[in-house]
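The chain contents come next:
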Amino acid sequence: MPKNNYELNYKLIVGISLCLAIIPAIVLGILILKYSVNVPIQDQWQISAIFEKFHQGTLSFNDLIAQHNESRKFFPRLIFLTLAFLSKWNIRYEILVAFLLACIVSVNIYLLNRLTIAGSHIKGLTIALVSNIFIFSAVQYENWLWGIQIVVFTPIVCITSCILIAYSRLNNLAKIFICMVLSTISTFSYANGLLAWLIVLPVLVLVQLKSWSDIRKNIILYLLWIIGFIANITFYFHDYQKPLSHPSPLESLQYPYQTFQYFLAFLGSSLGVGSSIQPLNNSIILGAVIIILFIGLCSYVIWHIKDYELRHQTIGWIMLGFYAVISALVTSAGRVTLGIEQALSSRYTTFSTYIIISIIHLMIIVGEDAIKKYSFLINRSLFSKIICWFLGIITVIQVHNLTYSVDKMKSWKQNFLKYKGCLLLIDFTHDNCQNLIDPYYFEYIKERANYLTEIGFLEPGLIATNRIPDLVDTNNSRQIEGIFEKLEFIGENNLLATGWAIFTDTNLPVDTIVLSYDNWQGEPIVSAVADMTMPRLNLVKELKSQKYLKSGWQKVLSTHKFPQGNINVKAWALDTKTTKFYQIPGTYVVNKNGENLTVLSGN
């Protein structure tokens, strides 16, 4: 083959390999666009207090550095504040930043791959493809769809950047200084970020260590690192208060077996959580395999610790793996009393993922080294088969997990669209959305949401009236398919309403179902938001389409505010983007006579 043709074909294959390597990021980006919801939830309401203070001109350094749960989110708060004022607090911009942080991690991992593993660009991009399948895994769906989880990605960005800097040609002083800055950012972004100081130092010390006398030459720099670490810890724990709702790590000592199970499940969850049968047991087993592999690979490196080239190639990957291991140990100690199943939380897979990425690279480096040193035990053909089988198995498992993850993302979107509808009507719902908004924080969220609407930081803002006729889409820009099927008395002045509905333009369940009753003027006003999604297998079978599966809804409707006499009860679909209402076919007449309640008719 002519040389020019060979080069052309090689460039073509490299281009194809590059396209394949970024597919996991593209797929995840599409999923995020499809399933993310622009609504603040849970801890984001506490973070939003800084917007109010900034708007009033009272924001201080103490507000930014203040403890939130176990973390001091100083740097993420700066990001949240900036994005909030640029986007009027569109949560999806926070989600975009989290995605971009993951892209930085991916680039760091690829560059580290090229620095430590010999071979062609095609080989490097193939490894990058497998790594990206984990970095951009949808198993981490909570972290991808919840804007505040920028905090989860910040430490790993800082750590991988520090490891890459340690391998660079910068002088030692520059390396130490830049890594200290990044470790400080990591520390004051998330509690887990404190690990940066422990993970990065061994890489800085060992990555270019050719003789132990080199440590003495740089001892002042390493002492400077230790001083920086102590200063960070001192500042971090000054006036620190253990969150009352969080268990004490000392309690884990009473449950050593359960703590060990939690530890293994934590490490194996990114592979095992998507299993339809016994995901906890599968995660524990996979966690055991992962930690055995990691210990074995680390042991090989320690056995050949005097081999500079091997030590240089592996120290970054070993410490990346220890980031996951230490995270698992700390979380196990602090959370085991909440139940072993809690180790399968989607939020934790962003940490456990990196031991698998570490093992992938260590297996290749150690395997190639073993071929040189122990050719009588292992040849390149056998090694290639082992690597291909390993990469193939974990990739198949992760692709299988995609189905599980997409289902979780769909449920997330449907649940938080209902939550968003309830938030928009927070001033008018009779039951305070008790099954959608934590009753303990209801008044706090209500107050915060009203203020944010006032300053234009909720889009759309809270609905200002409970009179549904003022909110009906008279242009009928969207069509509803569905029915208000049944309204029945279930005792204690409660009615059970059931039905189903989808938007015909999207073939998806409607965002939010709102139930109304007529006021004394005969106008429908807001009563409650349906908080239960009911699977409708009968509709799927009857209408021969999966789009109806999660279209069912149900609500226990309190009638304590119903007026006396005959009242019309109706169901409405609320479009949470436009705050427009669309009536669902079916109206029921309820008679309230004193404390007696009767459903008279329905059509």
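Anything mentioned here points back to the structure above.
Residues numbered from 1 in each chain as written. Predicted model: local features only at pLDDT ≥ 70, side-chain atom pairs only at ≥ 80, totals over all residues. Heavy atoms only, no water.

A.B. asks: Summarise helix H11 (residues 195–206); cite the residues concerned and give the values.
C.D. replies: An ideal rise of 1.5 Å per residue puts 16 Å on twelve residues; H11 measures up with 18 Å between its terminal C-alpha atoms. Burial analysis of H11 places ten of its twelve residues in the buried class, which makes it a mostly covered element. The set of residues buried in H11 consists of Leu195, Ala196, Trp197, Ile199, Val200, Leu201, Val203, Leu204, Val205 and Leu206. Contacts made by the buried residues of H11 are with helix H9 (150–166), helix H10 (172–187), helix H12 (213–217), helix H13 (219–237) and helix H16 (308–335). (Helix = DSSP H or I, 4+ residues; strand = E, 2+ residues; numbered from the N terminus. Expected span 1.5 Å × (residues − 1). Buried < 20%, exposed > 50% of the residue type's maximum accessible area, 1.4 Å probe, protein only. Contact = heavy atoms within 4.5 Å.)

A.B. asks: Explain the pattern of salt bridges to me, using residue names and the numbers behind them.
C.D. replies: On inspection of all chains with the given rule, the structure shows 13 salt bridges. In this structure, Glu52 and Arg448 form a salt bridge, with 2.2 Å as the shortest nitrogen-oxygen distance. Of the two residues, Glu52 is situated in helix H3 (residues 49–56) and Arg448 in helix H19 (residues 442–454); the sequence distance between them amounts to 396 residues. Taking the relative accessible area as the measure of exposure, Arg448 reaches 10% and is therefore buried. Between Lys123 and Glu368 there is a salt bridge; the shortest N-O distance is 2.5 Å. Of this pair, Lys123 sits in helix H7 (residues 121–135) while Glu368 sits in helix H17 (residues 349–373), and the two are 245 residues apart along the sequence. Connected through salt bridges with shared partners, the residues Asp307, Asp369 and Lys373 form a single ionic network. (Salt bridge = Lys/Arg side-chain N within 4 Å of Asp/Glu carboxyl O.)

A.B. asks: Tell me what's going on with the packing of H16 against H17, and back it up with residues and numbers.
C.D. replies: Between H16 and H17, the shortest axis-to-axis distance is 8 Å and the interhelical angle comes to 155°. For the element pair H16 / H17, the angle class is roughly antiparallel. H17 is crossed by H16, and the crossing has left-handed handedness. Along its contact with H16, which presents Glu309, Leu310, Gln313, Thr314, Trp317, Ile318, Leu320, Gly321, Tyr323, Ala324, Val325 and Ser327, the element H17 presents Phe351, Ser352, Tyr354, Ile355, Ile357, Ser358, His361, Leu362, Ile365, Asp369 and Lys372. For the contact of H16 with H17, the per-class residue count stands at 13 nonpolar, seven polar and three charged. (Axes fitted to C-alpha atoms, helices over the stretch in contact; angles between N-to-C directions. Parallel < 35°, antiparallel > 145°, perpendicular 65-115°, else oblique. Left-handed = near helix turned anticlockwise from the far one by under 90°. Nonpolar A, V, L, I, M, F, W, Y, C, P; charged D, E, K, R; others polar.)

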